[in-house]
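This is what each chain is made of:
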Amino acid sequence: MADPLYPPHLALDPDWTADTVVVQAGRPVRTAGAPMNPSISLSSTYVHDASLEYGRDGNVGWGALEEALGVLDGGRAVAFASGLAAATAIADLVPPGGTVVLSSVTYFGVRNVFERMQARGRLHVRMVQADDTAAVLAAADGADMVWVESIANPLIVVADVPAIAAGARERGAITVVDATFATPLRQRPLHLGADIVLHSATKLIGGHSDLLLGAAVCRDDAHAAFLATHRHDHGSIPGALEAFLALRGLRTLAVRLDRAEASAAEIARRLVAHPGVAAVHYPGLPDDPQHERASRVLPQGPGPMLSFEVAGTVEQTEAVLSRLRLWTHATSLGGVESLIERRARYAGDAAVVGPTLCRASVGIEDVEDLWADLDGALREILG
Ligand code: PLP
């Protein structure tokens, strides 16, 4: 009998590239009259006597999304209500009293999860800089988990994931990589030796700023089983509609990413020469200190996120952001529309970034329109 959660999906040709797999993975098998897309199954309960009894047990739409993300990353995917729900479940893999090595440049929501667990006595946190591989590995001695975000928020830090994962494994720790900014099309951490990859599909995978969803993709089936049980017990399940939309967003990820990344690289190059800008953080720039590592670890490109520091005051920076008409002054990232924000307005980021640092999520609008808006605002406010 077919598994109601994982009905047969389309077989994929092992020679297809990831850009093709994002379009095809997780579709129903091609039998006569079969739909092109998985259905949106809106039911909280199911007729008794099958593995699927209740809405928290699973949903055919999550199954399709998990199938697709699992194939892309090369592991077993477990979808969650949000990226943070997935992160919280992964954090629970650290044994009671155990230790996690965490980068100080990490999405502050994830840092909060670990710091609050530490405050409750649940685990110990060792803070490091993820781009200092030797420091990460020194801290990994006796640790249970090494958590790196790469590419990382909000300074666009690239970690040497292969070296960290290999070193952590030697020391008996598992490596978790938050690859939200990179997506499976720019970095496949399980192939680089990591144990679990986290995606906030809210961002680039969904791609339209219209859903929240997270996923963990695991090398080890036992980790995936733990996470699925955690999701069930905590009720951190994705909605059926969100799962459908995330999979629909995934279909266009390759083209969105190519365009947004090319625009980000162009905007970063122009910002470097801009009199209103004091520094640009984008590993795609030849002069960026991370350029060598980025081209080795992310050979296909560093994605569409960049940040820059305005050569002015906090007030001037806020004025630039309010003057923008095409870019939206808003948090989050990875949608088709370009977003920008001053990160130090969050207490969690004020400690790690300068007061005028703006994080930009470049969308798929025309790059010249984006540049005209940004350049115009910088010139108007900074003279
Ligand atoms: N990881 C990164 C790198 C993020 O930027 C975010 C959200 O901003 C998360 C995880 C959390 O994801 P979500 O907002 O889907 O809970």
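Residues numbered from 1 in each chain as written. Predicted model: local features only at pLDDT ≥ 70, side-chain atom pairs only at ≥ 80, totals over all residues. Heavy atoms only, no water.

J.: Quick question: what am I supposed to make of the pairing of strand S5 (residues 174-178) here?
T.: Consecutive side chains along a regular strand alternate between the two faces of the sheet. For S5, the tally of buried residues reaches 5 of 5 residues, placing the bulk of the element in the interior. A two-sided burial pattern is seen for S5, the buried positions comprising Ile174, Val176 and Asp178 on one face and Thr175 and Val177 on the other. Sheet analysis places strand S4 (residues 145-149) next to S5, joined by 5 bridges and oriented parallel. Across the sheet, the residue bridging to Met145 is Ile174, located in S5. Relative to strand S6 (residues 196-200), S5 runs parallel, the two being bridged by 3 bridges. Note that in S6 the partner of Val177 across the bridge is Val197. (Buried < 20%, exposed > 50% of the residue type's maximum accessible area, 1.4 Å probe, protein only. Helix = DSSP H or I, 4+ residues; strand = E, 2+ residues; numbered from the N terminus. Pairing = 2+ DSSP bridges.)

J.: Where do I start with the site of the ligand in this structure?
T.: The immediate surroundings of the ligand are formed by Ser82, Gly83, Leu84, Tyr107, Glu149, Asn153, Asp178, Thr180, Ser200, Thr202, Lys203 and Leu333. At 3.5 Å from an oxygen atom of the ligand is found a side-chain nitrogen or oxygen belonging to Ser82. Compared with its free state, where it exposes 390 Å², the ligand has 92% of that area covered by protein. Residues belonging to the shell around the ligand are distributed by class as follows: 3 nonpolar, 6 polar and 3 charged. (Near = heavy atom within 4 Å. Polar contact = N/O pair within 3.5 Å; in protein donor to acceptor, adjacent residues only side chain to side chain. Areas by Shrake-Rupley, 256 points an atom, 1.4 Å probe, with all protein chains shown as cover. Nonpolar A, V, L, I, M, F, W, Y, C, P; charged D, E, K, R; others polar.)

J.: What am I meant to see in a nonpolar patch on the surface here?
T.: A surface patch of nonpolar side chains, about 300 Å² in accessible area, is lined by Ile40, Leu42 and Leu241. Relative to the assigned elements, Ile40 resides in the loop between helix H1 (18-24) and helix H2 (60-73). By relative accessible area, which is 36% here, Ile40 ends up partly exposed. (Patch = residues over 30% accessible without salt bridge, like charges linked within 9 Å, V, L, I, M, F, W, Y side chains within 5 Å. Salt bridge = Lys/Arg side-chain N within 4 Å of Asp/Glu carboxyl O.)

J.: It is not clear to me how the side chain of Arg342 should be interpreted in this structure. Could you clarify?
T.: Its location among the elements puts Arg342 in strand S11 (residues 339-342). At a separation of 2.6 Å, a polar atom in the side chain of Arg342 contacts the side chain of Glu318. Those residues in contact with Arg342, other than ones at most four positions away along the chain, are Val314, Thr317, Glu318, Leu321, Pro355, Leu357 and Cys358. (Contact = heavy atoms within 4.5 Å.)

J.: Teacher, can you tell me more about the domain arrangement of the protein chain here?
T.: It is common to give the size of an interface as the accessible area lost on bringing the parts into contact. We note that the domain assignment places domain 1 (18-251) and domain 2 (254-382) within the protein chain. A separation of 26 Å is found between the C-alpha centroids of domain 1 and domain 2. Facing the 35 residues of domain 1 at the interface are 34 residues of domain 2. Note on domain 1 versus domain 2: buried area summed over both sides is about 2,900 Å², and carbon and sulfur give 58% of it. Its largest share of buried area at the contact with domain 2, domain 1 owes to Pro154, Ile156 and Arg186, together 26% of the area lost on that side. Here domain 1 and domain 2 share 3 salt bridges between them. (Domains from an automatic or database assignment. Buried area = accessible area lost by both parts, 1.4 Å probe.)

J.: For this particular structure, what's the right way to read the environment of Val22?
T.: Position of Val22 among the secondary structure elements: in helix H1. Sequence-wise, Val22 and Ser307 are 285 residues apart; in three dimensions their C-alpha atoms are separated by 28 Å. Residues within four places of Val22 in sequence aside, it is in contact with Leu72, Leu185, Leu250, Arg251 and Ala254.

J.: Where do I start with the sheet that holds strand S12 (residues 357-361) in this structure?
T.: As a general point, the strands of a sheet are linked pairwise by backbone hydrogen bonds and lie either parallel or antiparallel. Read from one edge of the open sheet, 5 strands run S8-S9-S12-S11-S10, paired in mixed fashion. Of all strands in the sheet, those with a lone pairing partner are strand S8 (277-281) and strand S10 (328-329), marking the two edges. In this fold helix H12 (residues 314-323) packs onto strand S9 (305-310), S10, S11 and S12, with an angle of close to 165 degrees to the strand it touches most, S11. (Axes fitted to C-alpha atoms, helices over the stretch in contact; angles between N-to-C directions.)

J.: Can you help me understand the nonpolar core in this one?
T.: Where a protein is soluble and globular, its nonpolar side chains tend to be buried together. Within the largest apolar cluster, 46 residues are counted, with the highest numbers of intra-cluster contacts made by Val146, Leu213 and Leu250. For Leu250, the residues in contact, after removing those within four places along its chain, are Val22, Ala68, Leu69, Leu72, Ile205 and Arg256. One finds Val78, Ala89, Leu93 and Val100 within the second-largest nonpolar core, a separate group that totals 28 residues. (Core = buried A, V, L, I, M, F, W, Y, C linked by side-chain atoms within 4.5 Å.)

J.: Would you mind showing me how to read the pattern of salt bridges here?
T.: When their charged atoms lie close together, side chains carrying opposite charge are able to pair. In this structure the tally under the stated criterion is 19 salt bridges. In this structure, the salt-bridge partner of Asp141 is Arg171, at a minimum N-O distance of 3.4 Å. Taken together, the residues Asp141 in the loop between helix H5 (133-140) and S4 and Arg171 in the loop between helix H6 (161-170) and S5 connect sequence positions 30 residues apart. By relative accessible area, Asp141 is classed as partly exposed at 47%. Of the charged contacts, one joins Arg270 and Glu368 as a salt bridge, the two residues approaching to 2.8 Å between their closest N and O atoms. Taken together, the residues Arg270 in helix H10 (residues 253-272) and Glu368 in helix H14 (residues 367-382) connect sequence positions 98 residues apart. Taking the relative accessible area as the measure of exposure, Glu368 reaches 41% and is therefore partly exposed. Three or more residues are tied together by salt bridges with common partners; here these are Glu341, Arg343, Arg345, Asp349 and Arg359.

J.: Could you clarify how one ought to interpret helix H4 (residues 108-119) in this entry?
T.: In an α-helix, one turn spans 3.6 residues, which is why side chains three or four residues apart end up on the same side. In a regular helix each residue adds 1.5 Å, so 12 residues correspond to 16 Å; H4 covers 16 Å between its end C-alpha atoms and thus fits that length. Phe108, Gly109, Val110, Arg111, Val113, Phe114 and Met117 are the residues of H4 that are buried. (Expected span 1.5 Å × (residues − 1).)

J.: I'm lost on unusual backbone geometry in this one. Help?
T.: Backbone geometry follows two general trends: most residues other than glycine have a negative phi, and most peptide bonds adopt the trans configuration. The linkage connecting Ser150 with the following residue, Ile151, adopts the cis geometry, with an omega of 10 degrees. Assignment of secondary structure puts Ile151 in the loop between S4 and H6. The step from Asn153 to Pro154 runs through a cis peptide bond, and the omega angle for that step is -15 degrees. When you line up the elements, Pro154 lands in the loop between S4 and H6. A positive phi angle, close to 55 degrees, is found at Ile156, a residue other than glycine. On the basis of relative accessible area, Ile156 is assigned to the buried category, the value being 0%.

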